[in-house]
Amino acid sequence: MTLFIVGSYILVLSWTKEFEGWFIKEIRKVFKKLEKTDFEIHLSNTSLEKLFERLIYSGFLLDEEDFEKSLENKKIFVEVFASGKLPIKPIFHLTMENLETAYFFNHLFSFSNKLNRPKCIRIFRYPDRLIITKNLATELSDAKGLSQGPFKIKEIDDLFIDLSR
């Protein structure tokens, strides 16, 4: 008899709006945990769009001459960073030197957890070759030893001004 009463109570409870709201939230949490992302970036979509536009404007990122293609690239840029899913091959072409690229990546890391150089080189490449992680690390450590920063340090810093998380 006790089992019948408990079962009936749970059945009645499960038909209430409160239970429905709680249950749906819990199910979403479970699915969110199951959805694997490669990294997270703590920038809004608007900030990601600004970053893309600033990279293009500064000449650090090659873009298509075609306006429609440029809009599509911006959409892809935002999608890659907002979703946290790495593309199969690098999509965006940086026109920076190794030291500048390492400095740019370090700025990106400050807005992210789980984003690192190997993951960045799955998003970015140079126009004529792939980016090699070892080269970035070597040049960055050499520059620290010499107390030199990247040649275009201010321009790279300016890319990240006023970006909201």
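Our structure is the block above this text.
Read on for an overview of the structure.

## Description of the pattern of salt bridges
For step 1, the next point in the chain: For the structure on display, the rule yields 3 salt bridges.
For step 2, the next point in the chain: Its salt-bridge partner being Glu-53, residue Lys-74 comes within 2.4 Å of it at the nearest N-O pair. Taken as a pair, Lys-74 in helix H4 (residues 67-83) and Glu-53 in helix H3 (residues 45-58) lie far apart in primary sequence, 21 residues in all.
For step 3, the next point in the chain: Residue Arg-129 is joined to Asp-128 by a salt bridge in which the shortest nitrogen-to-oxygen separation is 3.2 Å.
For step 4, the next point in the chain: Of the residues examined, Arg-129 reaches a relative accessible area of 41% and is grouped as partly exposed.

## Observations regarding the packing of aromatic side chains
For step 1, the next point in the chain: Evaluation of the coordinates by the stated rule reveals 13 aromatic pairs.
For step 2, the next point in the chain: When the ring of Phe-77 is compared with that of Phe-81, the centres are 4.9 Å apart and the planes differ by 50 degrees; the resulting orientation is tilted. Of the two residues, Phe-77 and Phe-81 are both situated in helix H4; the distance of 4 residues between them amounts to about one turn of the helix.
For step 3, the next point in the chain: Owing to a relative accessible area of 0%, Phe-77 belongs among the buried residues under this scheme.
For step 4, the next point in the chain: Among the residues examined, Phe-81 registers a relative accessible area of 1% and is labelled buried.

## Overview of helix H5 (residues 98-109)
For step 1, the next point in the chain: Between its first and last C-alpha atoms H5 spans 16 Å; for 12 residues at 1.5 Å apiece the expected length is 16 Å, and the two agree.
For step 2, the next point in the chain: With 10 of its 12 residues buried, H5 lies for the most part within the structure.
For step 3, the next point in the chain: Those residues of H5 that sit buried are Asn-98, Leu-99, Glu-100, Thr-101, Ala-102, Tyr-103, Phe-104, Phe-105, His-107 and Leu-108.

Rules and cut-offs
- Residues numbered from 1 in each chain as written.
- Predicted model: local features only at pLDDT ≥ 70, side-chain atom pairs only at ≥ 80, totals over all residues.
- Heavy atoms only, no water.
- Salt bridge = Lys/Arg side-chain N within 4 Å of Asp/Glu carboxyl O.
- Helix = DSSP H or I, 4+ residues; strand = E, 2+ residues; numbered from the N terminus.
- Buried < 20%, exposed > 50% of the residue type's maximum accessible area, 1.4 Å probe, protein only.
- Phe/Tyr/Trp six-rings, centres within 6.5 Å; stacked < 30°, edge-to-face > 60°.
- Expected span 1.5 Å × (residues − 1).

These figures capture arrangement, not role.
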